[in-house]
Protein chains: 2
Amino acid sequence: MSKACDRAYAQIRSMILSGALSAGEQLSEEGLAERCGVSRTPIRDALRRLEGELLVKRSGTQRTFVADWSLDDVADAFELRAMLEGHAARRAAERMSETLVQRLRATNQAIGAAVRADPPDVEAFLDRNREFHAIILQAAASPRLSALLGTLIEQPVVWRTAHHYGREALLRSFGEHDELLAAFARRDGAWAEAVMAAHIRRAYHAYADAHAGLAAIDRQVAHG
Amino acid sequence: MSKACDRAYAQIRSMILSGALSAGEQLSEEGLAERCGVSRTPIRDALRRLEGELLVKRSGTQRTFVADWSLDDVADAFELRAMLEGHAARRAAERMSETLVQRLRATNQAIGAAVRADPPDVEAFLDRNREFHAIILQAAASPRLSALLGTLIEQPVVWRTAHHYGREALLRSFGEHDELLAAFARRDGAWAEAVMAAHIRRAYHAYADAHAGLAAIDRQVAHG
DNA sequence: CGGATATGTATTGTATACAACCAACCGGCG
DNA sequence: CGCCGGTTGGTTGTATACAATACATATCCG
C-alpha cells in the first residue's frame, strides 16, 4: 500500500545516500520519474521533502542538484548535532521511564554484539546505533527537536565512510553509550548532555580521520 | 513574475500566521486552491513546505490541518531558539565584518525610532527586528543553522500577541540589541551568546505574560 | 437499540498535456 | 576576434482529468 510518492522519496534518498547520484549532479524530474517508474508529480513531492532535509538544493532558477557536502559542511552539521543531541540527552535523562532505559540497554547489547562479531557487522551496528539515538530522541519528548535533528542525522558522505571505521572506533562508541546509560539511570541531565556532546564530537573526528584516509587512497589511485 | 506556487505559499502562510485559518482547522487542497485562485498543484507544493516548517501537520491519512501550538509547544520552540540563536550569535561575533556591524547598528537605530514613536510602530518594530536577527544569522555563516532556525522563528501565536507588547518590553528588547552590538564590536563570542540567549528567553516570558493577559480577557468576554 | 456494514461524498494521489522558462548553442555583425 | 541576439532542446510550472482512498451517514441485521 506504499504510495508512489513515498517510494519515490525513499528511492531517491537512498540513491543520494549511497552515492548512486553523485554530489553536484543535476536532477531532472523527468529522468527521476523514469528511474522510479512513476510520473513527475510524486517526484516533485519527493524533491520538496529532500530539499527540506538539504539533501538536494535548488538553483536560483529552480533546477535541482544533489547537495555537495564540503568538509566544512560536515563539520558544521556535526557541531549542530552535538549541540542538539546533547540537549536531547539532557531532556531525556530528566524524563526517561524505566522501561525506556531497559530498551536502551538491550539496544546497546545488540550494538556490542555487532561490534564483537568477526568481522564487525557494520550494517547492524549502524541500524542499532540509529535505534539507540532514536529512543533518546523519543524520550526527550520535543517534536520540534526531533524534526530539527532529522535534517542532520543522515549525511551522504558520513554514511558512505562508516564502513571504514575500525573496530576500535566502534568499541569506543559502544563504551560511550554505556556511559550515557549510567547518566540516564541516575537521571543526571548535565552528565548525559556532556557525554552525548563528546560522543558526537568523537564521531566527527572518527569520520574526518577515515575520510582523510580514503581521500589519500583516492589520490594514490589517481596518480598511480 | 512571482510564480503561483510562491504566491500560494505566502498567502496560506500569512493566513495561518494571522489567524484567518484557525488552529486545528482542516485544510482542503481544493478549498485553498479556490481561495488563492490557482489550481491544486501549487497548493500541494506550498503545503509540503509549510509542513516542513511545522505550520501545518498531516494526519495519518494525509489530511492536512493547521498546526495548533500549545503553550508547551511555544516554550519548547523558544528554548530551541535560545540555544540556536545563541550559537549563531557566538559564531557571528567571531566572524562579523565591520560593515555588517554598521548595518546592525543602523537597523537597531530604526528599531529605536519605531519604539519611541507614539504610539509605538509595532509593525516596523517587527520588520526591523527580523532584519536584525537575519543579519546575525548571515554573519554566522552556517547554512544549516539558518535552515534550522527558519522553522522556529515564525510562530502563529507569537505573531498575533506581539501587537500587545507594552512599550516597556519593546524598549528592553532595543536595549538588549545594543548590548549585543557591544559584544559584536569586541568580537566576544561568549558574551554575544549569553546576551542572545537571555534576549530570547526574555522574549518568551514577554510573550507568555501577554498571552496570559489575553487569555484572561477572553475568559472574561466568554463568561460575561 | 447497538453495532456492523454498505454506500455516497469529499479529499487526496497520480498521470498527462501544455505553457512558460532557462541555458546553451549558433550565426551574424561590429 | 569578440559580442550580441535569436533559436532550439530540454526542464520546470500549472492546470486538469481521472483513480484511489477515507470519512460520514444511513441502513440493515441481530
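Residues numbered from 1 in each chain as written. Chains lettered and ligands numbered in written order. Predicted model: local features only at pLDDT ≥ 70, side-chain atom pairs only at ≥ 80, totals over all residues.

### Let's talk about helix α9 (residues 167–185) of chain B
Residues and elements named next belong to chain B. The following threshold applies: Secondary structure elements are taken from DSSP: a helix is a run of H or I of four residues or more, a strand is a run of E of two residues or more, and numbering for both begins at the N terminus. A helix is expected to span 1.5 Å for every residue after the first. Three classes are used. A residue is buried when 20 or more other C-beta atoms lie within 10 Å of its own, exposed when 12 or fewer do, and partly exposed in between, with C-beta atoms placed from the backbone. The directions considered for the arc run from the helix axis to the C-beta atoms.
For α9, with 19 residues, the first-to-last C-alpha span of 27 Å sits near the 27 Å given by 1.5 Å per residue. Among the residues of α9, those classed as buried are Ala 169, Leu 170, Ser 173, Phe 174, His 177, Leu 180, Ala 183 and Phe 184. Across the axial projection of α9, the buried residues extend over an arc of 165 degrees, all falling on one side.

### A word on the protein's contact with DNA strand C
Worth spelling out the cut-off: Note on definitions: a residue is near a molecule or strand provided its C-beta atom, placed from the backbone, lies within 6 Å of it. For this scheme, ten residues count as nonpolar: Ala, Val, Leu, Ile, Met, Phe, Trp, Tyr, Cys and Pro. Four count as charged, namely Asp, Glu, Lys and Arg, and the remainder, Gly too, count as polar.
In the vicinity of DNA strand C, 16 residues are found, and the nearest of them are Lys3(A), Ala4(A), Cys5(A), Ser39(A) and Gln62(B). For the surface near DNA strand C, the elements supplying multiple residues, two or more each, are α1 (4–18) and α3 (40–52) of chain A together with α2 (29–36) of chain B. Among the elements that line the surface near DNA strand C, the one with the most residues is α3(A), at 3 residues. For the surface near DNA strand C, a count of residues per class yields 5 nonpolar, 6 polar and 5 charged.

### Observations regarding the protein's contact with DNA strand D
In the neighbourhood of DNA strand D, 19 residues make up the surrounding shell, with Gln62(A), Lys3(B), Ala4(B), Cys5(B) and Ser39(B) lying closest. If you list the elements that add at least two residues to the surface near DNA strand D, you get α2 (29–36) of chain A together with α1 (4–18) and α3 (40–52) of chain B. Here the surface near DNA strand D gets 3 residues from one element, more than from any other, and that element is α3(B). Taken together, the residues that form the surface near DNA strand D break down as 6 nonpolar, 7 polar and 6 charged.

### Overview of the relation of the copies chain A and chain B
Short version of the rule: Fitting of the copies onto one another was done by least squares over C-alpha atoms, counting residues only where both copies have pLDDT of at least 70. Two residues form a contact once the distance between their C-beta atoms, set from the backbone, is within 7 Å.
The transform that puts chain A on chain B rotates by 180 degrees and translates by 0.1 Å along the axis, for an RMSD of 0.2 Å. Such a turn and shift between the copies fits a two-fold axis. A shared binding surface is used by both copies, with 100% of the interface residues of chain A retained as interface residues in chain B.

### Regarding the interface of chain A and chain B
For interface size, the figure often reported is the accessible area lost on association. With 16 residues of chain A at the contact, the number on the chain B side is 16 residues. When contributions to the side of chain A that touches chain B are tallied by element, the ones reaching two or more residues are α3, α4 (71–95) and α7 (143–153) of chain A. When the residues that make up the side of chain A that touches chain B are grouped by side-chain class, the tally is 7 nonpolar, 4 polar and 5 charged.

### Details of the sheet that holds strand β2 (residues 56–58) of chain B
Remark on secondary structure: sheet strands pair via backbone hydrogen bonds, oriented parallel or antiparallel. Residues and elements named next belong to chain B. To be explicit about the condition: We treat two strands as partners when DSSP finds at least two bridges between them.
Within the open sheet, the 3 strands sit side by side as β1-β3-β2. Their pairing is antiparallel. Each edge of the open sheet carries a strand with a single partner, namely β1 (26–27) and β2. Relative to strand β3 (residues 64–66), β2 is paired through 3 bridges, and the arrangement is antiparallel. Within the sheet, the bridge partner assigned to Val 56 lies in β3 and is Val 66.

### A closer look at α7(A)
Structurally, the α-helix is built with 3.6 residues per turn, so residues lying three or four positions apart point the same way. Three or more residues of α7(A) are buried, namely Leu145(A), Leu148(A), Leu149(A) and Leu152(A). Seen along its axis, α7(A) keeps its buried residues to an arc of 95 degrees; they face one direction. Against α4 and α6 (122–140) of chain A together with α4 (71–95) and α7 (143–153) of chain B lie the buried residues of α7(A).

### Here's the deal with the packing of helix α5 (residues 98–116) of chain A against α6(A)
Residue and element names in this part refer to chain A. Threshold: Where helices are involved, their axes are fitted lines through C-alpha atoms of the stretch in contact, as for all axes, and angles between N-to-C directions lie from 0 to 180°. Between 65 and 115 degrees an angle is taken as roughly perpendicular, under 35 as roughly parallel, over 145 as roughly antiparallel, and anywhere else as oblique. By definition, any crossing whose near helix is turned counterclockwise from its far helix by less than a right angle is left-handed, and any crossing with a clockwise turn is right-handed.
Remark: α5 packs on α6, axes separated minimally by 9 Å, with the N-to-C direction vectors making an angle of 165 degrees. When the axes of α5 and α6 are compared, the pair comes out roughly antiparallel. At the point where α5 passes α6, the crossing takes the left-handed sense. From α5, Leu 100, Arg 103, Leu 104, Thr 107, Asn 108, Ala 110, Ile 111, Ala 114 and Val 115 reach across to α6, where they touch Ala 124, Phe 125, Arg 128, Asn 129, Glu 131, Phe 132, Ile 135 and Ala 139. Residues of the contact of α5 with α6, tallied by class, amount to 11 nonpolar, 3 polar and 3 charged.

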